[in-house]
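Fold and contact review
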Amino acid sequence: MSPEGSVNSPAKLATKNLSVFYGSFQAVIDVGIEFPACAITAIIGPSGCGKSTLLRSLNRMNELIEGAKIRGEILLDGKNIYQLNVLELRKRVGMVFQRPNAFPLSVFDNIAYGPRVHGINRRQKLTEIVERSLKAVRLWDELKDRLDQNALGLTDEQRQRLCIARMLAVEPEVLLLDEPCSALDPIATLHIEDLLRQLKEKYTIVIVTHNMQQAARVSDFTGFMLLGKLIEFGTTSQIFTRPQHPETENYISGRFG
Amino acid sequence: MKRRRIADRGVRVLFSVNAVLAAAVLLGILIFLLAYGIRAFIPAGAVDPEDPSTQPLTLGGFLFGASWNPDAYGQPEYGIVPLLLGSLITTVLALLIAIPMGIAGAVFIAERLRGGVRVAVKMAVELFAGFPSVVIGFFGLLVLGPALARVFNVPSGLNVLNASVLLALMSLPTIISVSDDALRVVPHSYREAAYALGASPWTTAIRVILPAARSGILAAVMLGFGRAVGETMAVLMVAGNAPIIPRSLFDPVRTITTTIAIELGESAFNSIHFFALFALGFILFLIALFTNLIAEALIRREKRSFTL
Ligand SMILES: Nc1ncnc2c1ncn2[C@@H]1O[C@H](COP(=O)(O)OP(=O)(O)OP(=O)(O)O)[C@@H](O)[C@H]1O
Ligand SMILES: [Mg+2]
């Protein structure tokens, strides 16, 4: 359980005065946020408030968008991420997307993709990694006899799990998930949430979600964003039971967004 | 509502008419080639037993004969093997050069260029696809030929190598342009997924994007093949044109297309020679038709697999 009220666990990942621009439009405004290690932090807020933009800045995926610029600092273990090699950064800070985006390859090759990119080519080692990653997302029993089947033939939930397994295969430290359940049915959503709760033992997790119940169920900390600004940040129980800002309260109680 | 439906009908009819017209023209050409070509094999009118040039050909001798020599005194020969091999050898060599360069170029354009630069480069490539082949032939004749002769110390630079390099140049734009289209329909989410795992742009292109686009790229290669195998003028200018089976890169070579271009004018109207050239044209037509059909099928499969 999360410590009531205070947010003083060590920060694995943090931003300082982070602003993100698309051309002249500022999508994220002066956000300072700390993501505690081995905990799940949820980012909530109405559509278009900059959640995805913030998340995608954390592993520099946002710079793939033409015209995107950032100002401010992002620190991983206290070190500015722009001092790291971008490929190394993305290996350490993995990401799962809204729509399961498995490659049109076999289950095995999907998971082995990351390790191969990072220079692991021995079949035996890869087999180990595939097994470990699939077990971590509890797909191993379902798929162990279908490793050479094309991943596009799996169900939505299986594919999203596979994407998580694929991310775990490169042994990241931070997991970024952008509405990972929005393409899944309610049962599958609960399954993924269970999985996240298990994964937080080892990983620092940041999840963007539209679904407030999901944030309440799964996260330890919650940040509420509105129009590019981080309005409030605290433990999930505090945000949901005793929000400090009227905007937060309005959003939580469903009065807008 | 009603007017819309009539307009719809009109457009549909227009398209159908066009499609039927195109198919009819194609079929017409096919029938025309066949009707003329076949007369090389059936005795037409007076066969003079004294004059070998009026003897009809046998299909076996035509398809498998190793010598093409219509002007030989006494016994003219119409074996297409040297010509067929000439076409295939120059085309295959051309593709060996053009495929790697074309795919690399397409990856560069599709994955690394953006916005206006991308559009400009793509337009330049497509412009080059329509470059007059005579001009490229001049380049081969006046620049590449002498250069090859000097570098490899051979008597003539008009040979297999020269023809292949020119054909590579000419099929390159097609391969680049169609491959680029194929790469572009690969969903952006694949790139994101790969980048998010820490893959570099080049690894992403090689390990994810190219495999995902492989049927489209195969189609590009087939179209490049069609372009190379059908090219006449540039090859005519630089290939040396001796109808022999080439033994090295520096031997002269004669293709199907250049044979037709060279000999049609000098063959007597309605002679066996004349009809044999139409039979050659028919063979060429079949080769081009099949490569295009395969390419079409591959492109269609590609499109389908990404509209889920
Ligand atoms: N590529 C882009 N170019 C220009 N503006 C963009 C781009 N992507 C997002 N924006 C704008 O930036 C703002 C924040 O977008 P973002 O996708 O981060 O919001 P979000 O909170 O994730 O929304 P949602 O809940 O709908 O996913 C929005 O106003 C959006 O219109
Ligand atoms: Mg979003």
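Residues numbered from 1 in each chain as written. Chains lettered and ligands numbered in written order. Predicted model: local features only at pLDDT ≥ 70, side-chain atom pairs only at ≥ 80, totals over all residues. Heavy atoms only, no water.

1. A few points about the UniProt feature "domain: ABC transmembrane type-1" (unreviewed entry) in chain B
Filter applied, for reference: UniProt positions are given in the numbering used here, feature names are shortened, and annotations may be inferred rather than shown by experiment. Here a helix means four or more residues in a row that DSSP labels H or I, a strand means two or more in a row labelled E, and each is numbered from the N terminus.
According to UniProt, the "domain: ABC transmembrane type-1" (unreviewed entry) feature falls on residues 84–295 of chain B. As annotated, residues 84–295 of chain B has a helix share of 77% and a strand share of 0%, and its two end C-alpha atoms lie 21 Å apart.

2. Some details on the sheet that holds strand 5 (residues 79–80) of chain A
All names here are of chain A. Stated precisely, the cut-off is as follows: Whether two strands pair comes down to DSSP finding at least two bridges between them. What makes two residues a contact is simply this: any of their non-hydrogen atoms within 4.5 Å. Axes, fitted as lines to C-alpha atoms, cover a helix only where it is in contact. Angles between the N-to-C directions of the axes lie from 0 to 180 degrees.
Strand order in the open sheet formed by 4 strands is 2-1-4-5, with antiparallel pairing between adjacent strands. Where the open sheet ends on each side, the last strands, each with one partner, are strand 2 (25–36) and strand 5. Examined bridge by bridge, strand 1 (residues 11–22) and strand 2 share 8 bridges and lie antiparallel to one another. Paired with Leu18 across the bridge in strand 2 is Val31. Strands in contact with helix 1 (residues 51–58) are strand 1, strand 2 and strand 4 (68–76); relative to strand 1, the strand with the most contacts, it is inclined by about 120°.

3. Observations regarding the interface of chain A and chain B
Worth spelling out the cut-off: By buried area we mean how much accessible surface two parts lose on assembly, using a 1.4 Å probe and totalling the loss over both. What counts as a salt bridge is simple: a side-chain nitrogen of Lys or Arg found within 4 Å of a carboxyl oxygen of Asp or Glu. Here a polar contact is taken to be a pair of N or O atoms separated by no more than 3.5 Å, where protein atoms must pair a possible hydrogen donor with a possible acceptor and residues adjacent in sequence count only if both atoms sit in side chains.
Contact residues are listed per partner, giving 26 residues for chain A and 17 residues for chain B. The largest contributions to the chain A side of the interface with chain B come from Leu64(A), Phe103(A) and Tyr113(A), which together make up 27% of the buried area. Counting the contacts that link chain A with chain B gives 1 salt bridge. Note that Arg56(A) and Glu192(B) form a salt bridge whose closest N and O atoms lie 2.8 Å from each other. Counting the contacts that link chain A with chain B gives 4 residue pairs in polar contact (both at pLDDT 80 or more).

4. Concerning the pattern of salt bridges
Pairs can form between side chains of opposite charge once their charged atoms are near each other. Residues and elements named next belong to chain A. Under the convention used in this document: Exposure is judged per residue with a 1.4 Å probe applied to protein chains only, and the accessible area is read against the type maximum: over 50% gives exposed, under 20% gives buried, and values in between give partly exposed.
Scanning the model with the defined rule gives 22 salt bridges over all chains in all. With a shortest N-O distance of 2.9 Å, Asp109 and Arg116 are connected by a salt bridge. Relative accessible area serves as the criterion here: at 27%, Asp109 is assigned to the partly exposed category. In this structure, the salt-bridge partner of Lys200 is Asp220, at a minimum N-O distance of 3.0 Å. Taken together, the residues Lys200 in the loop between helix 7 (186–199) and strand 8 (204–208) and Asp220 in the loop between helix 8 (212–218) and strand 9 (221–226) connect sequence positions 20 residues apart. Assessed through its relative accessible area of 8%, Asp220 is described here as buried.

5. Describing the UniProt feature "domain: ABC transporter" (unreviewed entry) in chain A
The residues that UniProt annotates with the feature "domain: ABC transporter" (unreviewed entry) are residues 13–252 of chain A. Overall, residues 13–252 of chain A shows 38% helix and 27% strand. The separation of its end C-alpha atoms is 26 Å.

6. Quick look at the sheet that holds strand 10 (residues 229–235) of chain A
Residue and element names in this part refer to chain A. The 6 strands lie next to each other as 6-7-8-3-9-10, forming an open sheet whose pairing is mixed. This sheet does not close on itself; its edge strands, each paired only once, are strand 6 (93–96) and strand 10. Pairwise comparison of adjacent strand axes, ignoring direction, gives a mean angle of 15° for this sheet. One ladder, built from 4 bridges, connects strand 3 (residues 40–44) with strand 8; its direction is parallel. By the bridge assignment for strand 8, Ile43 is matched with Val208. Along the sheet face, helix 1 touches strand 3, strand 6, strand 7 (174–178), strand 8 and strand 9 and points at about 155° away from the line of strand 7.

7. Here's the deal with the site of ligand 1
Residues and elements named next belong to chain A. Spelled out, the test is: We call a residue near a molecule or strand whenever a single non-hydrogen atom of that residue lies within 4 Å of it. Surface exposure here means Shrake-Rupley accessible area, sampled with a 1.4 Å probe, where a residue is shielded only by the protein chains that are shown. Polar here means any residue outside two lists: the nonpolar Ala, Val, Leu, Ile, Met, Phe, Trp, Tyr, Cys and Pro, and the charged Asp, Glu, Lys and Arg; Gly therefore counts as polar.
If you check the shell around ligand 1, you find 13 residues, and the closest are Ser47, Gly48, Lys51, Ser52 and Thr53. Between ligand 1 and Glu179 there is a distance of 3.4 Å, counted from an oxygen atom to a side-chain nitrogen or oxygen. Taking His210, its side chain carries an N or O atom lying 3.3 Å from an oxygen atom of ligand 1. Relative to its free-state accessible area of 630 Å², ligand 1 is covered by the protein chains to the extent of 63%. Secondary-structure elements contributing two or more residues to the shell around ligand 1 are strand 2 and helix 1. For the shell around ligand 1, the element with the most residues is helix 1, which contributes 3 residues. Across the shell around ligand 1, the residue classes break down as 5 nonpolar, 6 polar and 2 charged.

8. Description of the pairing of strand 8 of chain A
Looking along a regular strand, one sees the side chains alternate between the two faces of the sheet. Residue and element names in this part refer to chain A. Which entries qualify depends on this criterion: Crossover handedness is defined by viewing with both strands directed away from the observer: a clockwise path from the first strand over the helix to the second marks the crossover as right-handed.
Counting buried positions over the 5 residues of strand 8 gives 5, a clear majority of the element. Neither face of strand 8 is open: one carries Thr204, Val206 and Val208, the other Ile205 and Ile207, and all of them are buried. Looking at chain direction, strand 7 and strand 8 are connected through 5 bridges and run parallel. Residue pairing in the sheet places Leu176 in a bridge with Val206 of strand 8. In this region the chain leaves strand 7, passes through helix 7 and returns to the parallel neighbour strand 8; the handedness of that crossover is right-handed.

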